[in-house]
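Letter by letter, the chains look like this.
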Amino acid sequence: MSVLNGALQILLFIALVLALARPLGGYMARVFEGRRTVLAPVLTPLENLFYRLAGVDRTREQGWVGYGLSMFVFNAAGFVLLYTILRLQRFLPLDPQHFVGMSPKLAFNTAISFVTNTNWQAYSGESTLGHFAQATGLTVQNFLSAATGIALAIVFIRALSRQHAKTIGNFWVDVTRCTLYVLLPISIVLALVFVWQGVPQTLLASATANTLEGARQTIALGPVASQEAIKMLGTNGGGFFNANSAHPFENPTPLTNLVQMLAIFAIGAGLTNVFGRYVGNEKQGWSILGAMTVLFLCGALISWVAEAYGTPHLVAHGIDQFGGNMEGKEVRFGIVASSLFVTVTTAASCGAVNAMHDSLTALGGLVPMFNMHLGEVIFGGAGSGFYVALLFVLLALFLAGLMVGRTPEYLGKKIESREVKLAVIGIAVPSLCMLIGTAVASILPAGTAGLANQGPHGFSEILYAFTSASANNGSAFAGLSADTWFYDIALGLCMFIGRFLPMAPMLAIAGSMALKTRAPASAGTFPTDGALFSALLAVTMLIVGGVTFLPMLALGPIAEHAAMLAGMSF
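Keep in mind that what you see is a predicted model, and the values were worked out from it rather than measured.

Caption draft 1: Main features of a nonpolar patch on the surface. Where nonpolar side chains cluster on the molecular surface, the patch consists of L432, I436, V440, I443 and L444 and spans about 460 Å² of accessible area. Following the sequence through the fold, V440 ends up in helix α15 (residues 417-443).

Caption draft 2: Spotlight on the environment of Q97. Checked against the element boundaries, Q97 lands in the loop between α3 (64-87) and α4 (104-115). Apart from residues lying up to four places away in sequence, Q97 is in contact with L129, G130, H131 and A205.

Caption draft 3: The arrangement of empty space enclosed by the protein in detail. Inspection of the entire model under this criterion finds four cavities of 30 Å³ or more. The space that makes up the largest cavity amounts to roughly 160 Å³. Forming the boundary of the largest cavity are 17 residues, of which G375, E376, V388, P430 and G498 lie nearest the centre. Where the lining of the largest cavity is concerned, the elements lending two or more residues are α14 (384-404), α15 and α18 (485-500). Ranked by residue count, the leading element in the lining of the largest cavity is α15, at five residues. In the lining of the largest cavity, the residues fall into seven nonpolar, eight polar and two charged.

Caption draft 4: Spotlight on the side chain of N251. If you trace the backbone, N251 turns up in the loop between α8 (224-233) and α9 (254-278). On the accessibility criterion, N251 (0% relative accessible area) is buried. Side-chain polar atoms of N251 contact the side chain of T256, separated by 2.6 Å. In this structure, N251 is in contact with S245, T256, N257, Q260, R332, F333, F341 and N354, ignoring residues within four places of it in sequence.

Caption draft 5: Spatial organisation of the confidence of the model for the protein chain. This prediction gives the protein chain a mean pLDDT of 90; 98% of its residues lie at or above 70. Ranking the elements of the protein chain by mean pLDDT puts helix α11 (residues 312-315) last with 70 and helix α7 (residues 171-197) first with 96.

Caption draft 6: Up close: the environment of A449. Within the secondary structure layout, A449 lies in the loop between α16 (445-448) and α17 (455-470). Accessibility expressed as a relative area gives 63% for A449, which makes it exposed. Taking C-alpha positions, A449 is 36 Å from F265, a pair spaced 184 residues apart along the chain.

Caption draft 7: Just the state of the cysteines, in detail. Evaluation of the coordinates by the stated rule reveals zero disulfides. Cysteine C433 remains unbridged, with the sulfur of C494 as its closest cysteine sulfur at 4.7 Å. Here C433 falls in the buried class, since its relative accessible area comes to 9%. A relative accessible area of 7% means that C494 is categorised as buried.

Caption draft 8: Structural view of the pairing of strand β1 (residues 206-210). Where β1 lies against strand β2 (residues 216-220), five bridges are found, and the strand directions are antiparallel. Pairing of A209 across the sheet is with Q217, part of β2. Hairpin geometry of β1 and β2 is characterised by an intervening segment of five residues between the two adjacent antiparallel strands and by a positive phi of about 95 degrees at G214.

Caption draft 9: Layout of the pattern of salt bridges. Within this structure, the stated rule accounts for 15 salt bridges. Put simply, E33 and R35 hold a salt bridge, and the shortest N to O gap is 2.7 Å. Given the relative accessible area of 42%, R35 is considered partly exposed. When the shortest N-O distance is used, the salt bridge between E61 and R162 registers 2.8 Å.

Caption draft 10: Broad picture of the packing of aromatic side chains. Throughout the structure, instances matching the rule amount to 22 aromatic pairs. Consider the rings of F296 and F379, whose centres lie 6.3 Å apart with planes at 90 degrees: the pair is edge-to-face. Residue F296 is located in helix α10 (residues 282-309), and its partner F379 is located in the loop between α13 (362-373) and α14; the two are separated by 83 residues in the primary sequence. Residues F296 and F379 agree in their burial class; the two are buried. Ring geometry for F496 and F500: centres 5.3 Å apart, planes at 50 degrees, overall tilted. Of this pair, F496 and F500 both sit in helix α18, four residues apart, roughly one helical turn. A connected cluster of aromatic rings, assembled from ring pairs, spans F13, F265, F296 and F379.

Parameters and conventions
- Residues numbered from 1 in each chain as written.
- Predicted model: local features only at pLDDT ≥ 70, side-chain atom pairs only at ≥ 80, totals over all residues.
- Heavy atoms only, no water.
- Patch = residues over 30% accessible without salt bridge, like charges linked within 9 Å, V, L, I, M, F, W, Y side chains within 5 Å.
- Areas by Shrake-Rupley, 256 points an atom, 1.4 Å probe, with all protein chains shown as cover.
- Salt bridge = Lys/Arg side-chain N within 4 Å of Asp/Glu carboxyl O.
- Helix = DSSP H or I, 4+ residues; strand = E, 2+ residues; numbered from the N terminus.
- Contact = heavy atoms within 4.5 Å.
- 1 Å grid on protein atoms, 1.4 Å probe; cavity = no way out; pocket = protein on both sides within 12 Å on 5 of 7 lines; lining within 4 Å.
- Points joined across faces, edges and corners; volume = space filled by probe spheres on them.
- Nonpolar A, V, L, I, M, F, W, Y, C, P; charged D, E, K, R; others polar.
- Buried < 20%, exposed > 50% of the residue type's maximum accessible area, 1.4 Å probe, protein only.
- Polar contact = N/O pair within 3.5 Å; in protein donor to acceptor, adjacent residues only side chain to side chain.
- pLDDT = per-residue confidence, 0-100.
- Disulfide = S-S within 2.5 Å.
- Pairing = 2+ DSSP bridges.
- Phe/Tyr/Trp six-rings, centres within 6.5 Å; stacked < 30°, edge-to-face > 60°.

Shown next, in the form of structure tokens:
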């Protein structure tokens, strides 16, 4: 019965995600095409006001270089502003806790983290940041970093749908429309749902409660619901509290747990439908969504089985594992909902957690690492996951072309050597950061000093940290003490490189593809709107991720699993 219950939970979740994809995709397509939506009477005057204040001509489009420069300047300004807020926190208003500012190294790490949509947190939110810093610093960047990723995904989609075009859009228009018409309205609805379920939304610093033992306990409060909504919808993941979505004030009920997981996948799934609508064939989007869904289901099932099976080594020592591996998990969620959340948050580069990943079994911990190793392609980050998936599409078609001896093409446009080289660079850069960062940290005393465990699990803690940073995920094996000069700087650099360097080749490909002519399909055209292509795309993603990281995984979680089966400990 428990097996049936778990399978039904997973299948119900994925069915809800698939059901959301088309209506949300249709709405986003209307927004970015500039067509009228139901919110236009309220938001269009506000949108026009922003353009007037900023001096933006909404009718003037940019080439890929101008678009990229605008994006980088926008995010650089966001980094400077957030760094300043974090450093000067003690002088800011609306901070009843009167916390001091962050140290330079931690402020550097945190500012890069939130600007890059990573939201890696080497600090405890409720004891480090006041309400002003949380609301105007972190939450604002949650919106803007997500809007940046979505805007870039729209650019790639727009470029593939155009012909003979020297421009690909206007960054300022795309990011404004995304924030006003997509992220803000949905976040307001989500925040109200969370408040209804018991998530705090207040400017009070704390509340005092009398415990059953007669002691008095101070409980931190704040504007939690508003941050929680965009944290999930924008695949940001940064929690108001240190325990993140395992904290009852961030994720109090099974309903909020389900809503949070749906919010994490909603935009990634919806963008596949936006793509299909832009290119005039919704099946093109469904084929990419199919590959994502298969990979996600495989990871979710492996994670669930591994955690339900537990640790035989503990049973041999008389510890009851009948309910599975419940270490680090909330009883109100249980094995299935916790394992599903682990898979969702790393398949989508969100990084929010409702269970401690350091307490997962070896194979249970392998799944989130492997999800991130694939490069944000299983639904992925808000926008960034989809444009990386399109890079894999080009690579898959190139490999298929090699096998049959034909020049590969996509949507009637030839894929030439320039596009393939740029796609490989975009895919390889985060992987190199993960591998090089892990190698350096594993041999330097500054890297190994932060470990809480020895042997394969200690290595997994380092590998997970650099994987999470480079993939802009933000979750962690919590045993690693990361608030040191080495980790704050090294992980900050990996976040920056993993986020912004792949954007340059992606934009260059977009500029190149927009210029090309679409040729009609012929008898020799490889169909990209069916199950065969979904399978090819999924296999390409698995091979690239598996071959690149198999040696690292063999030293970490695979070795740990083998040791567990042999009854060994470290």
